[in-house]
Every structure is written in structure tokens, then in C-alpha cells.
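Listed below are the residues making up each chain.
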Amino acid sequence: MRSRTPDRLCAEAVELARQAAEEAVGAEAVGPHLGVQADADRVVTHSFECLDAAYRGWHWAVTVARAPRAKNVTLDEVVLLPGPDAVLAPEWVPWSERLRPGDMGPGDLLPTGADDVRLEPGWSGEDEPAPNSVVALAAEEDVVVTDPHVQPAPARAQINAVADELGMGRSRVLSRLGLHLAADRWEKAHGPQTPMAQAAPAACSSCGFLIPIGGSLGQAFGVCGNEFGPADGQIVSFAYGCGGHSEAAVIPAPPAPSELILDELVVEPLQLHPDRASGSVEPDAPAEELGHS
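Residues numbered from 1 in each chain as written. Predicted model: local features only at pLDDT ≥ 70, side-chain atom pairs only at ≥ 80, totals over all residues. Heavy atoms only, no water.

A. Main features of the overall build of the chain. Looking only at helices and strands, one finds seven helices and nine strands in the chain. Counting the 293 residues in the chain, one finds 21% classified as buried. For the chain, long-range pairs separated by at least 24 residues make up 52% of all intrachain contacts whose partners lie at least 6 apart in sequence. Summed over its atoms, the accessible surface of the chain is roughly 22,400 Å², and 56% of this surface lies on carbon and sulfur atoms. (Helix = DSSP H or I, 4+ residues; strand = E, 2+ residues; numbered from the N terminus. Buried < 20%, exposed > 50% of the residue type's maximum accessible area, 1.4 Å probe, protein only. Contact = heavy atoms within 4.5 Å. Areas by Shrake-Rupley, 256 points an atom, 1.4 Å probe, with all protein chains shown as cover.)

Right under this line is the structure:
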């Protein structure tokens, strides 16, 4: 523990501490004495202002000490330390914690740790079957399964083929934690609390553009297949929605024009002018008007 009262002889060794700092960095970089601090019994640190323009707010810390029952003060170390107003670099953060979605580019590799909690062991087909299992017995040439209730075990190559078809041939798969983290991200990006979903006329669960996905997450998420929607090709929650819902505003089909029918067998009477109901020429009209000479 640090002593509350600095050692008297060490506290009085201001000139010794200044001389040590000037010899280490030059007299032009050492400013006025700022104070003294007790680090332990007979161990004291003197602080001097740093005059270097590149280190504003920093100070030179010169530690001196003396042995028990000794009167000579000796030099311990000279270091440059930041003060409360010093400009410091941000705290270093490992790359794995600095990485953000979208940071990866072509050719980049993102390794995953062997103990990544988002993953758990899957079925890779490398594990040998149990010694007394049907698969192990059938694989031996000198063992024949005679029990009629036991079906012949499929060959290992057939099992591997089926596993590959089902997507099981992976050494690691998403753990329950990994599934929950993915669901939280998708829910935050395209979920019911987004402004787009709040203003949507209906949810994606009733939209014809929703493409279902497999797995346990398929019970709450799908892929948007509307090229004009804001989430085209992205995972969306069933509770998400947008104005591109398939049933939001259905455009009615235009009426088909009727087929043209030409009837040449029926005579249709036409209504004439009232003044000329009996003909197109007056009865007492001159012959010239009728075209006779």
C-alpha cells in the first residue's frame, strides 16, 4: 500500500529528479515541478510538466528511492505519463470484436474459434458406428443377420449420400445460441418493430411473395421475393410487412371488349326527320329539283 506521507529525504530530492529527467530527454522538454507522490516506504515520484508540443497534458514522472537507514537518495526510473487532459489513443480492441457486418471483402478470410459458442458439433460421417450396432455387424463379411425382423443395414456410402442430400455432412452446425442470435438480428432488421412494418397494411405471413425456408427458423422467418419490396432477397419475419404486400392493393382486371357482330340478314328501320317522314323530297317539288328535264 502507498504511504500517505512521502519520505522527507526523497521528497526534497527535486533537483536530483529534474537532473535525471533533463539528462534523459533534454532540458527544453522538462517544465516546472508539479508535485510529489509517495509510492511506498522511501519511494517517491516527482512530476514535471512536459513541454513537448506533441505531448500536451503529459508529464515526466521521475521515481527516486533510498535504502533503510540510508541518507543517499538514488534514481529509480524516468517515464512519460499522461495526465487527465492528455490526448490518448483509443483503447485497443481485438479485430474479432471490431469486425462488423459488411466489413469482409473479396478474398478475406474470417476464421472461427474451436470454442465458438455459436457452433456445435454436427454429423460429418467420420464417427465409427457402435461395435454392436446393426451397421457394424452388417459391415463384417463373416457376420450374417438372420433375424427376419432386422432389415439389412444400408452401406456406409449410402448413409453418407443421404446425409449430404439432407445437408448433414458438416462438422459443425449452429447451436441454439447461434440460432437465437441470428433470429435477433433478423428480427431487428426486418421485424414488426421497424417503421416499415408499423405502416404496412398487412404482415408478411399472408403475403404471396414470401418464400418459406427450412429448419427451425422457418417457423418465424422467410425470404422476400418481391423485387420492388424493400427487403427483396432478404430474411424477413412473418410479422414484418411493407407496402408491396401481394394483397395490399389488387389492381382490377380491365373489362374485355365485346366481340363485334355484323348481322346482314335483318333490316333495321331508321327514324327519319319529322318534316320528311314520307320521303326525302316534297310532293309538289318542281321537276328540275327531281332531276328531270
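B. Focus on helix 2 (residues 14-25). Between its terminal C-alpha atoms helix 2 stretches 17 Å, which fits the 16 Å expected from twelve residues at 1.5 Å a residue. Residues of helix 2 that are buried make contact with strand 1 (30-40), strand 2 (43-50), strand 3 (58-65) and strand 4 (74-82). G26 sits one or two residues past helix 2 and shows a positive phi near 105°. (Expected span 1.5 Å × (residues − 1).)

C. Representation of the sheet that holds strand 2 within the structure. Pairing in this open sheet of four strands is antiparallel, and the strands run 1-2-3-4 from one edge to the other. Of all strands in the sheet, those bounded by a partner on one side alone are strand 1 and strand 4. Neighbour-to-neighbour, the strand axes of the sheet open up by a mean angle of 25°, direction not taken into account. Of the pairings in the sheet, the one linking strand 3 to strand 4 comprises eight bridges and is antiparallel in character. (Pairing = 2+ DSSP bridges. Axes fitted to C-alpha atoms, helices over the stretch in contact; angles between N-to-C directions.)

D. A look at helix 6 (residues 176-189). Taking 1.5 Å per residue, 14 residues should reach 20 Å; helix 6 reaches 20 Å between its end C-alpha atoms and fits that length. What helix 6 keeps buried is the set G178, A182 and A183. Burial along helix 6 is one-sided: seen end-on, the buried residues are contained in an arc of 135°. In helix 6, those exposed residues whose orientation departs by more than 90 degrees from the buried face are R176, D184 and K188. Those residues of helix 6 hidden inside the fold are in contact with strand 6 (172-174) and strand 8 (221-224). (Arc of directions from axis to C-beta.)

E. Expanded view of the nonpolar core. Ranked by size, the top nonpolar core spans eleven residues in total: A17, A20, A21, A29, V30, F48, C50, W58, W60, V62 and A86. For this core, the elements supplying multiple residues, two or more each, are helix 2, strand 2 and strand 3. When neighbours within four sequence positions are excluded, W60 is seen to be in contact with V25, A29, V30, H46, S47, F48, E49, C50, V79 and L80. Membership of the second largest hydrophobic core comes to seven residues, among which are A197, C224, A231 and V236. (Core = buried A, V, L, I, M, F, W, Y, C linked by side-chain atoms within 4.5 Å.)

F. Representation of the pairing of strand 3. With eight of eight residues buried, strand 3 lies mostly within the body of the structure. Burial of strand 3 is two-sided: the residues W58, W60, V62 and V64 facing one way and the residues H59, A61, T63 and A65 facing the other way are all buried. Sheet analysis places strand 2 next to strand 3, joined by seven bridges and oriented antiparallel. Paired with H46 across the strands is V62, a residue of strand 3.

G. Structural context of the packing of aromatic side chains. Applying the stated criterion to the full structure yields two aromatic pairs. Ring centres of Y55 and W58 lie 5.5 Å apart, and the angle between their planes is 85°; this geometry places the pair in the edge-to-face category. Given a relative accessible area of 35%, Y55 falls into the partly exposed group. Using a relative accessible area of 18% as the deciding quantity, one classes W58 as buried. Taking 5.4 Å as the distance between ring centres and 80° as the angle between the ring planes, the aromatic pair formed by W186 and F221 counts as edge-to-face. Placement of the pair is W186 in helix 6 and F221 in strand 8, with a sequence separation of 35 residues. (Phe/Tyr/Trp six-rings, centres within 6.5 Å; stacked < 30°, edge-to-face > 60°.)

H. Spotlight on a nonpolar patch on the surface. A surface patch of nonpolar side chains, amounting to about 310 Å² of accessible area, comprises W95, M104 and L110. Following the sequence through the fold, W95 ends up in helix 3 (residues 95-98). The exposure class of W95 is partly exposed, given its relative accessible area of 45%. (Patch = residues over 30% accessible without salt bridge, like charges linked within 9 Å, V, L, I, M, F, W, Y side chains within 5 Å. Salt bridge = Lys/Arg side-chain N within 4 Å of Asp/Glu carboxyl O.)

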